[in-house]
Amino acid sequence: MSGDSIIKLNTASIYQRNKLVLENVDLDIGSGEFVYLIGKTGSGKSSLLQILYADLELKAGEGQVCGFDLNTVKRHDIPFLRRKLGIVFQNFQLLEDRNVEENFKFVLKATGWKDKNEINQRILEVLEQVEMIDKLKVMPHRLSGGEQQRIAIARSLLNHPEVILADEPTGNLDPETSNGIMKLLLKICESGKTVIMATHNYNIIHKFPGKIIKCENGLVINSANKLN
Amino acid sequence: MPSKEDTYYKNRINSSYITSVISITLVLFTLGMLGLIVLQANSLSNYIKENIGFEIIIKPGVKEADILYLQKTLDLEPFVKTTEYITKEEASERLTSMLGEEFTGFLGEEENPLLPSIDIRFNADWANNDSLAVIEEAIITNENVKEVYYQKSLVHIINKNVRRISLILLGFSLLLLFIAMALINNTIRLSVYSKRFTIRSMKLIGATERFIRRPFVLKGVLQGVISAVITMLLISIIITVLKSNIPELAVLIGPEMIIYLFAFILLLGIFFAGVSTYFAVNKYLRMRTERLYG
């Protein structure tokens, strides 16, 4: 069930440097939706996600994400937009020089958490959510790919984000581990969060159906619940 | 407790930190040695200037009390470093010792023909022909003074050479300072470059630029401090060895000079490392994602 609109793009054109990647993008995603973003490599999936977390400037059209206007958002406000989003990458992007707990503490301190007890409490909560409670003191390089991705998802949940943006989160994982990650993302979605996941793994979409948005030939095609 | 392997892994990730410290230390050491040479050259030039001879010949028959009064008056002047009153007898003894025989007999005179004098040594800032001419003019008006004697051409040559050497050293110092700045900047930039994806991850989790920058800059400043301390230790060793082998250097390398030099090295280390880190981090904070891979 989708709720109020949380992400909205109107006739947006997305550029990488000066190259037009996607044009006339209309998007309306409500809270609690699970949305797949599909398309070939280079079709613009990651660029679309980059626009949503303000890593790319919206040069044409209009856009709103979690109440932030992408056309007018200032550079110093971008961190506050990102605190409403949880971002998950194919290559996890955990801080390699510190253990899981320190990774999480960094995120919480960076986003304004001060109380030590609250910080410790929140870390345990998210680790429990992803069933990784025993990995608190483990360095990222000691974790398997699936475990690192679970930790990355847990990290994205730390600030109670409204939206999870996952860019090929199963791209580096075997099918069994991918299923585990998908179940986790669906569980997160069921808790009321919006999940937007870029992927080109159609098996996963068959197994875990959701709304589909397709990037093709510089256009975005909304193909609700259908995979063509 | 982190395992040995974890500690090794962390250290390996942070190995660029040690490399940076070594590089910054080498640059600061080179600058420190140049600083030492510049300060020594300055001390040496002051030492030479402050030993330029300036003699006030007193008229015959002037009472010793008047000469001592004149000496005291001179001692109070800002341009005077030291004065020495040389009586007729002392002047005679000195000349005899210089000539190696009694000169009064040689001249065919019974009485000592030499006059008492006051020998002045000036502060370095005043030891130039212009100042000395003004001083000479003022002193010569004193009724007890017969004449003033100093080697104008020598003063001119000393000042000319000191100026020339100072200019060369200044040019060389500026050049080296620029090279040092470029080298430290490059070292720090390479070190921050290796963390560019960490900076990106930090950005994406919603950290503000200031929050991301702060630990990097603090670490950069710490690198500067550690490098400066190592440099100071190395230069201290060199100064000790130099002083034990060339005791005359003790006059030129005073404790005050060493404090100035060390303060300079410390400030330079902190400033260069801190500022370079600040700008290097800013560069990656503002860099577009696709350029991070290029």
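Caption draft 1: Representation of the overall build of chain A within the structure. From N to C terminus, chain A includes 7 helices and 10 strands. Along the three orthogonal principal directions, the C-alpha set of chain A runs to about 45 × 40 × 35 Å. Pairs at least 24 residues apart make up 70% of the contacts formed inside chain A by residues separated by at least 6 positions. Accessible surface, chain A as shown: approximately 10,300 Å² in total, 47% of it carbon and sulfur. Charge-centre separation for chain A: the mean point of 29 positive side chains lies 3 Å from the mean point of 28 negative side chains.

Caption draft 2: A look at helix 4 (residues 88-99) of chain B. Residues and elements named next belong to chain B. The end-to-end C-alpha separation of helix 4 is 16 Å, in line with the 16 Å expected for 12 residues at 1.5 Å each. Burial in helix 4 covers these residues: A91, S92 and T96. What you see down the axis of helix 4 is that its buried residues fit within an arc of 130°, all on one side. Set apart from the buried face of helix 4 by more than 90 degrees, the exposed residues are E93, S97 and M98. Within two residues after helix 4, G100 carries a phi angle of roughly 85°, on the positive side.

Caption draft 3: Local environment of a negative patch on the surface. On the surface, a cluster of negative charge is made up of E64, E89, E90 and E93 of chain B. Relative to the helices and strands, E89 of chain B resides in helix 4.

Caption draft 4: Focus on the sheet that holds strand 10 (residues 219-222) of chain A. Residues and elements named next belong to chain A. The strand order 6-7-8-3-9-10 describes an open sheet built from 6 strands, whose pairing is mixed. With partners counted over all chains shown, the strands left at the sheet margins are strand 6 (85-89) and strand 10, one partner each. On average, adjacent strands in this sheet sit at an angle of 15° to one another, irrespective of strand direction. Pairing geometry for strand 3 (residues 34-38) and strand 9 (residues 211-216), over 4 bridges, is parallel. Bridge pairing links Y36 to I212 in strand 9. Relative to strand 6, helix 5 (residues 145-157) is tilted by about 165°, and along the sheet it contacts strand 6 and strand 7 (163-167).

Caption draft 5: A look at unusual backbone geometry. Residues and elements named next belong to chain A. For Q93, which is not glycine, the phi torsion reads 55° and is therefore positive. For Q93, a relative accessible area of 12% gives the class buried. Within the chain, H160 stands out as a residue other than glycine whose phi angle is a positive 50°.

Caption draft 6: Representation of the packing of helix 3 (residues 100-110) of chain A against helix 4 (residues 116-129) of chain A. Residue and element names in this part refer to chain A. The N-to-C vectors of helix 3 and helix 4 enclose an angle of 120°; their axes lie 10 Å apart at closest approach. The angle between helix 3 and helix 4 places the two elements in the oblique class. As for the relative orientation of helix 3 and helix 4, their crossing is right-handed in sense. Contact residues: helix 3 offers V100, E101, F104, K105, L108 and K109, while helix 4 offers I119, N120, R122, I123, V126 and L127.

Caption draft 7: Representation of the sheet that holds strand 1 (residues 54-58) of chain B in the model. Residue and element names in this part refer to chain B. Taken in spatial order, the 4 strands line up as 2-3-1-4 in an open sheet, and their pairing is antiparallel. The sheet terminates laterally at strand 2 (80-86) and strand 4 (145-149), the two strands that pair on one side only. This sheet shows a mean twist of 20° between the axes of neighbouring strands, independent of strand direction. Of the strand pairs in this sheet, strand 1 and strand 3 (residues 117-122) are connected by 4 bridges, and their pairing is antiparallel. Bridged to I56 within strand 3 is I118. On the sheet, helix 3 (residues 64-75) packs against strand 1, strand 2, strand 3 and strand 4 and is oriented at approximately 170° with respect to strand 2.

Conventions we followed
- Residues numbered from 1 in each chain as written.
- Chains lettered and ligands numbered in written order.
- Predicted model: local features only at pLDDT ≥ 70, side-chain atom pairs only at ≥ 80, totals over all residues.
- Heavy atoms only, no water.
- Helix = DSSP H or I, 4+ residues; strand = E, 2+ residues; numbered from the N terminus.
- Contact = heavy atoms within 4.5 Å.
- Areas by Shrake-Rupley, 256 points an atom, 1.4 Å probe, with all protein chains shown as cover.
- Lys, Arg positive; Asp, Glu negative; His and termini not counted.
- Charge placed at Lys NZ, Arg CZ, Asp CG, Glu CD.
- Expected span 1.5 Å × (residues − 1).
- Buried < 20%, exposed > 50% of the residue type's maximum accessible area, 1.4 Å probe, protein only.
- Arc of directions from axis to C-beta.
- Patch = residues over 30% accessible without salt bridge, like charges linked within 9 Å, V, L, I, M, F, W, Y side chains within 5 Å.
- Salt bridge = Lys/Arg side-chain N within 4 Å of Asp/Glu carboxyl O.
- Pairing = 2+ DSSP bridges.
- Axes fitted to C-alpha atoms, helices over the stretch in contact; angles between N-to-C directions.
- Parallel < 35°, antiparallel > 145°, perpendicular 65-115°, else oblique.
- Left-handed = near helix turned anticlockwise from the far one by under 90°.

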